[in-house]
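In case you want the letters, here they are:
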Amino acid sequence: MLTAYTSDEIRTAERVLIERLPEGTLMGRAATGLAIACARALPRVYGSRVVLLAGGGDNGGDTLYAGALLARRGARVHAVLAGSRAHEGGLAALRRAGGRILDLRGAPEPGPAVTDLVGAADLLLDGLVGIGGTGALREPYATLAGLASGAPGVVVAVDVPSGVDASTGEVAGDAVRVHLTVTFGAAKTGLLIDPGASHVGTLHTVDIGIGPHLPEPGVAALGAADVTGLLPRPGAKSDKYRRGVVGVVAGSDRFTGAAVLAVGGAVRAGAGLVRFASAAEPVRQVRARWPEAVTKIVTPEEGVRETGRVQAWVVGPGMGTGDEAFALARSVLDSDVPVLVDADGLTLCARDRSLLRRAAPTLITPHAGELGRLLGVSVAEVEARRLRHARRAADELGVTVLLKGSTTLVAQAGMPVRVNTTGTPWLATGGTGDVLAGIAGAYLAAGLSCYDAASCAAYMHGLAARVAAGGPEGGEAPIAALDVALGLPEAIRRLTAPARG
Ligand SMILES: NC(=O)C1=CN([C@@H]2O[C@H](COP(=O)(O)OP(=O)(O)OC[C@H]3O[C@@H](n4cnc5c(N)ncnc54)[C@H](O)[C@@H]3O)[C@@H](O)[C@H]2O)[C@@H](O)CC1
Ligand SMILES: [K+]
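Computed from a prediction, not measured in an experiment: that's the story for all the values here. (Residues numbered from 1 in each chain as written. Chains lettered and ligands numbered in written order. Predicted model: local features only at pLDDT ≥ 70, side-chain atom pairs only at ≥ 80, totals over all residues. Heavy atoms only, no water.)

### Looking at the site of ligand 1
For step 1, the next point in the chain: In the vicinity of ligand 1, 24 residues are found, and the nearest of them are Glu14, Asp58, Asp62, Gly130 and Asp159.
For step 2, the next point in the chain: A distance of 2.9 Å separates an oxygen atom of ligand 1 from a polar backbone atom of Gly132.
For step 3, the next point in the chain: At 3.0 Å, a backbone N or O of Arg138 approaches a nitrogen atom of ligand 1.
For step 4, the next point in the chain: Considered on its own, ligand 1 offers 870 Å² of accessible surface; in the complex 84% of this is hidden by protein.
For step 5, the next point in the chain: Across the shell around ligand 1, the residue classes tally to eleven nonpolar, seven polar and six charged. (Near = heavy atom within 4 Å. Polar contact = N/O pair within 3.5 Å; in protein donor to acceptor, adjacent residues only side chain to side chain. Areas by Shrake-Rupley, 256 points an atom, 1.4 Å probe, with all protein chains shown as cover. Nonpolar A, V, L, I, M, F, W, Y, C, P; charged D, E, K, R; others polar.)

### As for the domain arrangement of the protein
Many authors give the size of an interface as the accessible area that is lost as the parts come together.
For step 1, the next point in the chain: Splitting the protein by domain gives domain 1 (2-220) and domain 2 (224-496).
For step 2, the next point in the chain: Taking only C-alpha atoms into account, the centre of domain 1 sits 40 Å from that of domain 2.
For step 3, the next point in the chain: Counting the surface lost from both domain 1 and domain 2, the interface buries some 990 Å², and carbon and sulfur atoms represent 55% of this.
For step 4, the next point in the chain: On the domain 1 side of the contact with domain 2, Glu170, Asp194 and Ala220 bury the most area, a combined 44% of that side's loss.
For step 5, the next point in the chain: At the boundary of domain 1 with domain 2, the tally comes to one salt bridge.
For step 6, the next point in the chain: Where Arg385 meets Glu170, a salt bridge forms, and the shortest distance between an N and an O atom there is 3.5 Å.
For step 7, the next point in the chain: Counting across the interface, domain 1 meets domain 2 through seven residue pairs in polar contact (both at pLDDT 80 or more). (Domains from an automatic or database assignment. Buried area = accessible area lost by both parts, 1.4 Å probe. Salt bridge = Lys/Arg side-chain N within 4 Å of Asp/Glu carboxyl O.)

### A short note on the UniProt feature "binding site: AMP" (unreviewed entry) in the protein
For step 1, the next point in the chain: UniProt records the feature "binding site: AMP" (unreviewed entry) for Lys404, Gly405, Ser406, Thr407, Thr408 and Gly433 in the present numbering. Across 30 residues of sequence, these annotated residues stay compact in space, with a maximum C-alpha separation of 13.7 Å.
For step 2, the next point in the chain: Within the secondary structure, Gly405 sits in the loop between strand S17 (400-403) and strand S18 (409-411).
For step 3, the next point in the chain: Since its relative accessible area comes to 41%, Gly405 is described here as partly exposed.
For step 4, the next point in the chain: If you trace the backbone, Thr408 turns up in the loop between S17 and S18. (UniProt positions renumbered as here; feature names shortened; annotations may be inferred. Helix = DSSP H or I, 4+ residues; strand = E, 2+ residues; numbered from the N terminus. Buried < 20%, exposed > 50% of the residue type's maximum accessible area, 1.4 Å probe, protein only.)

Here it is as structure tokens:
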């Protein structure tokens, strides 16, 4: 499991060590790890052109010390000093190692000399600001961030891409986009959460010894072993009821695709049985595509009361947002089993949030627009502050929240927010959310908590999409939502196969 921390949590843990260790020890460890990672990112160090963008704080200090180490191995190192001051020890070390200095202090803007340096660099280090950064980058940092993002060489962020809020992933103005982020001590929360996460590239953590002093994490990402341990698997005594019966209420006479996809997600994720309840046309479509499902045509008046026993419900995809859909959704939410609410179901709940007040656990799976409607804020506001809004929704609505997006978040009051790292841009296509709802529903019915069901479903959904998009000879191709459902068995096989060799 990858765990992540806010800037304050990192600083508190560092303080314990700073008091015990000789001055400069932590910065020395950070700079050494950084220089090693940079050397690995270059075909060879000797003769390489390295440019350091150094801010006035300790982030600039790490960068200058690492630059000195690379200069000692024969790199041609130029430092651009961008802050109103420069880290004295780091600057002296770089000078001693033969590094060259371009001092921007007092200059209104970077100028052509910097543009030329950046354009010719094999390796560019972004050491403008780290965990001490607050708000939008000011000049000349903002212009330098733009230059760095477009640099032709390898761009490496020191601790955090400058302009990304290390604690939240929020990006208030310009921020550097890098190929590699070398972070110190532990991952910062903002490196895992969009929009910040999209600036990070590959994430590499340098151990500087603060691990034992870190608190419980506020954010975590499950790894393959965690998910393998959580995924429901049939045992010798399993039958379809013990493996979990999931009920799906989805589709309408106008929209049938969502029903087929949600049922497909549940079937392929390994539900013992899928009971499908809806209007006549989606029932016909589901029967044709998934003969495994037990189907029932229901009316809004009778609801799902006579549908047969299920261990969890999925309600919402493609069901419409009118009064009849409202009545049907209410009958599902009146039940005493876990319910997953998705898509149109969320629009109905935004109309009357009391629908979500229930004794049994509830999982909601909104995208930013649906969460915005539930909370009464704009989609842009949710996208800009995803962590805050996912947590707020979990607290205010008393439910588990799976917030979809390029990095999916799972929030539940009192628990670390889980970030999913398996997603792929190929998933950004219509209907994949319906498949996700089906997968999570199957896991809920198998007995996983809303928190684990949502986290595992997001993980497997991403993995299945990668399986579907990838070919045996490498390369990737566009996928349709149904491909994700069909990719699930292979994804589960790959995840649970014993390691070879
Ligand atoms: N504290 C420690 O023991 C360690 C700190 N380390 C490094 O130290 C960094 C933190 O150093 P600092 O606390 O000095 O802070 P930073 O160097 O991250 O940033 C502080 C500087 O940035 C400026 N600044 C802040 N926001 C800005 C903005 N929006 N636009 C322009 N300038 C802005 C401030 O005026 C200040 O000069 C870490 O990210 C890491 O790189 C590492 O050496 C590991 C050990
Ligand atoms: K930085």
